[in-house]
Amino acid sequence: MLRISKTHSMTALCSRNLRTTAAVCQRVPMSKFDPETDVRENFARLQSNVDIVKSRLRRPLTLSEKIVYGHLDEPETADIVRGESYLRLRPDRVAMQDATAQMAMLQFISSGLPRVAVPSTIHCDHLIEAQLGGEADLNRAKDINKEVYNFLSTAGAKYGAGFWRPGSGIIHQIILENYAYPGIMLIGTDSHTVNGGGLGGVFVGVGGADAVDVMADIPWELKCPKVIGVHLTGSISAWTSPKDVILRVADILTVKGGTGAIVEYFGDGVESLSCTGMGTICNMGAEIGATTSIFPYNERMARYLVATERGGIAEVSEKYKHLLQSDEARSTTRLSKLTSPS
């Protein structure tokens, strides 16, 4: 099975084919802040790895399995047993909040590496305490944490990590609006990193040491997650909201029912949810102990990508839509069905 390597990048392939138009060869960056990247290369690797795993397992894959197994370091030989084996994965990017980023960056610096191996960002939001009001609290945080912010900004500049200064926003919302996209695997040093599942990717909250491993080009280890399927039918009515969906799921699973599992939503009921609504449901998945939660790619996600100036990624996602939805025959560890009354 042929795997896509860095030496066969989309840019290289374009340069060899004189008949290829400039429009086709133009990069589709992972974000406007990462112009040197090309999301098409990520999808090509994802497709290659999924093909290898499916040929080995000889069974349909759920959406979360496609994305998780699609990021295996060695898909040809990886031991894949839900709830038992440990997977060695290659996430696409890292996000860190300011409280944990301090030690993470210090550890990375001690590695002696010149730059982070994957796109990484630092977000200054956790050290801002709510006491008096927005502007006053922000100014107070800037004064108290001046040394921390200076270290993080300069370290980020030197080692290639993006820096979002204090006052720029909450980490998981910045990720959704700028860095999340269908099919991505992103780890973040914040429990609500899982919010990004509303855009069809696998987003996992981790500790600082895990972030350092990925930035240092070391495979990230994750216990092979179980899969809990939630079948949504009907549609959201005027008296309900996306939060009601996750509250009902939490009522069924309890605060630890999602431990060691990815909660995967599917069904016609998904179509009535906005992208940010799906993000809300995934965000609160942390409250049931889930590794993360995820929704299949749909038209709502495409519209959100276009609205946030990432139309190119929406086009590529449409091309790889088969990777961004479960296979027709689903295989979940546990299945729940939620129906909205008409």
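Use the structure listed above.
Here's a quick rundown of the structure. What you see is a predicted model, and the numbers here were worked out from it, not measured in a lab.

## Some details on helix α8 (residues 171-179)
Okay, step 1: With respect to burial, α8 is a largely interior element, seven of its nine residues being buried.
Okay, step 2: Among the residues making up α8, those that are buried are Ile171, His172, Ile174, Ile175, Leu176, Asn178 and Tyr179.

## Points about the packing of helix α5 (residues 98-111) against helix α7 (residues 146-159)
Okay, step 1: α7 packs onto α5 with a crossing angle of 45° between their chain directions and a minimal axis gap of 10 Å. Judged on the interaxial angle alone, α7 and α5 are oblique. Viewed along their axes, α5 and α7 form a crossing whose handedness is left-handed. Between α5, through Asp98, Ala101, Gln102, Met105, Leu106, Phe108 and Ile109, and α7, the contact on the second element is made entirely by Val148, Tyr149, Phe151, Leu152, Ala155, Gly156 and Tyr159.
Okay, step 2: Considered class by class, the residues forming the contact of α5 with α7 number eleven nonpolar, two polar and one charged.

## Considering unusual backbone geometry
Most peptide bonds take the trans form, and the phi angle of most residues other than glycine is negative.
Okay, step 1: The backbone of Arg58 sits at a positive phi, close to 55°, despite the residue not being glycine.
Okay, step 2: Counting through the fold element by element, Arg58 comes out in the loop between α3 (39-57) and α4 (63-69).
Okay, step 3: Despite not being glycine, Glu309 has its phi angle at roughly 60°, a positive value.
Okay, step 4: Checked against the element boundaries, Glu309 lands in the loop between α12 (299-307) and α13 (311-319).

## Some points on the environment of Thr62
Okay, step 1: Note that Thr62 resides in the loop between α3 and α4.
Okay, step 2: By relative accessible area, which is 1% here, Thr62 ends up buried.
Okay, step 3: Remark: the alpha-carbon pair of Thr62 and Ser326, spanning 264 residues in sequence, is separated by 4.3 Å.
Okay, step 4: Of note is the side chain of Thr62, whose polar atom sits 3.1 Å from the side chain of Glu264.

## A look at the pattern of salt bridges
Okay, step 1: By the definition in use, this model includes twelve salt bridges.
Okay, step 2: One salt bridge connects Lys54 with Asp327, and the closest N-O pair in it is separated by 3.1 Å. One end of the pair, Lys54, is in helix α3; the other, Asp327, is in the loop between α13 and β11 (334-339), and 273 residues separate them in sequence.
Okay, step 3: Between Arg90 and Asp217 there is a salt bridge whose closest N-O contact spans 2.9 Å. With a gap of 127 residues between them, Arg90 in the loop between β1 (86-89) and β2 (93-97) and Asp217 in the loop between α9 (208-215) and β7 (220-223) connect regions that are remote in the sequence.
Okay, step 4: Each of the salt bridges in this network shares a partner with another, and the network as a whole consists of Lys54, Lys66 and Asp327.

## Some words on the pairing of strand β9 (residues 261-266)
Within a regular strand, side chains alternate between the sheet's two faces.
Okay, step 1: Within β9, six of the six residues are buried, leaving the element largely enclosed by the surrounding structure.
Okay, step 2: Both faces of β9 are covered, namely the face carrying Ala261, Val263 and Tyr265 and the face carrying Ile262, Glu264 and Phe266.
Okay, step 3: Sheet topology places strand β8 (residues 226-233) next to β9; six bridges connect them, and they run parallel. Its bridge partner being in β9, His231 is matched across the sheet by Phe266.

## Overview of the sheet that holds strand β4 (residues 161-164)
Okay, step 1: Across the sheet, five strands lie side by side as β4-β3-β2-β5-β6; this open sheet has parallel pairing. Two strands bound the open sheet, and with one partner strand each, they are β4 and β6 (202-205). The average undirected angle you get between the axes of adjacent strands in this sheet is 20°.
Okay, step 2: Direction of pairing for strand β5 (residues 185-188) relative to β6: parallel, over a ladder of four bridges. In the strand pairing of β6, Ile187 is matched with Val204.

## Section: the nonpolar core
Okay, step 1: Formed by 91 residues in total, the largest nonpolar core has its most connected members in Tyr69, Met96, Trp220, Tyr265 and Phe295.
Okay, step 2: Those residues in contact with Phe295 that lie beyond four places of it in its chain are Leu63, Gly197, Gly200, Leu232, Tyr265, Val270, Leu273, Met278, Ile281, Cys282 and Met301.

## Structural notes on the side chain of Asp38
Okay, step 1: Locating Asp38 in the fold gives a position in the loop between α2 (22-25) and α3.
Okay, step 2: Judged by its relative accessible area of 2%, Asp38 falls in the buried class.
Okay, step 3: Looking at Asp38, its side chain comes within polar contact range of the side chain of Arg40, at 2.8 Å.

## Notes on the packing of aromatic side chains
Okay, step 1: As enumerated under the stated definition, the model contains seven aromatic pairs in all.
Okay, step 2: Both rings, one in Phe33 and one in Tyr179, keep their centres 5.9 Å apart while their planes meet at 50°; by these two values the pair is tilted. Here Tyr179 lies in helix α8 and Phe33 lies in the loop between α2 and α3, a separation of 146 residues in the sequence.
Okay, step 3: On the numbers, 5.0 Å between centres and 10° between planes, the contact of Phe43 with Tyr320 is stacked. Residue Phe43 is found in helix α3, and its partner Tyr320 is found in the loop between α13 and β11; the two are separated by 277 residues along the sequence. Neither Phe43 nor Tyr320 differs from the other in exposure class; each is buried.
Okay, step 4: Of the aromatic side chains, those joined through ring pairs into one cluster are Phe33, Trp164 and Tyr179.

Analysis parameters
Residues numbered from 1 in each chain as written. Predicted model: local features only at pLDDT ≥ 70, side-chain atom pairs only at ≥ 80, totals over all residues. Heavy atoms only, no water. Buried < 20%, exposed > 50% of the residue type's maximum accessible area, 1.4 Å probe, protein only. Helix = DSSP H or I, 4+ residues; strand = E, 2+ residues; numbered from the N terminus. Axes fitted to C-alpha atoms, helices over the stretch in contact; angles between N-to-C directions. Parallel < 35°, antiparallel > 145°, perpendicular 65-115°, else oblique. Left-handed = near helix turned anticlockwise from the far one by under 90°. Contact = heavy atoms within 4.5 Å. Nonpolar A, V, L, I, M, F, W, Y, C, P; charged D, E, K, R; others polar. Polar contact = N/O pair within 3.5 Å; in protein donor to acceptor, adjacent residues only side chain to side chain. Salt bridge = Lys/Arg side-chain N within 4 Å of Asp/Glu carboxyl O. Pairing = 2+ DSSP bridges. Core = buried A, V, L, I, M, F, W, Y, C linked by side-chain atoms within 4.5 Å. Phe/Tyr/Trp six-rings, centres within 6.5 Å; stacked < 30°, edge-to-face > 60°.

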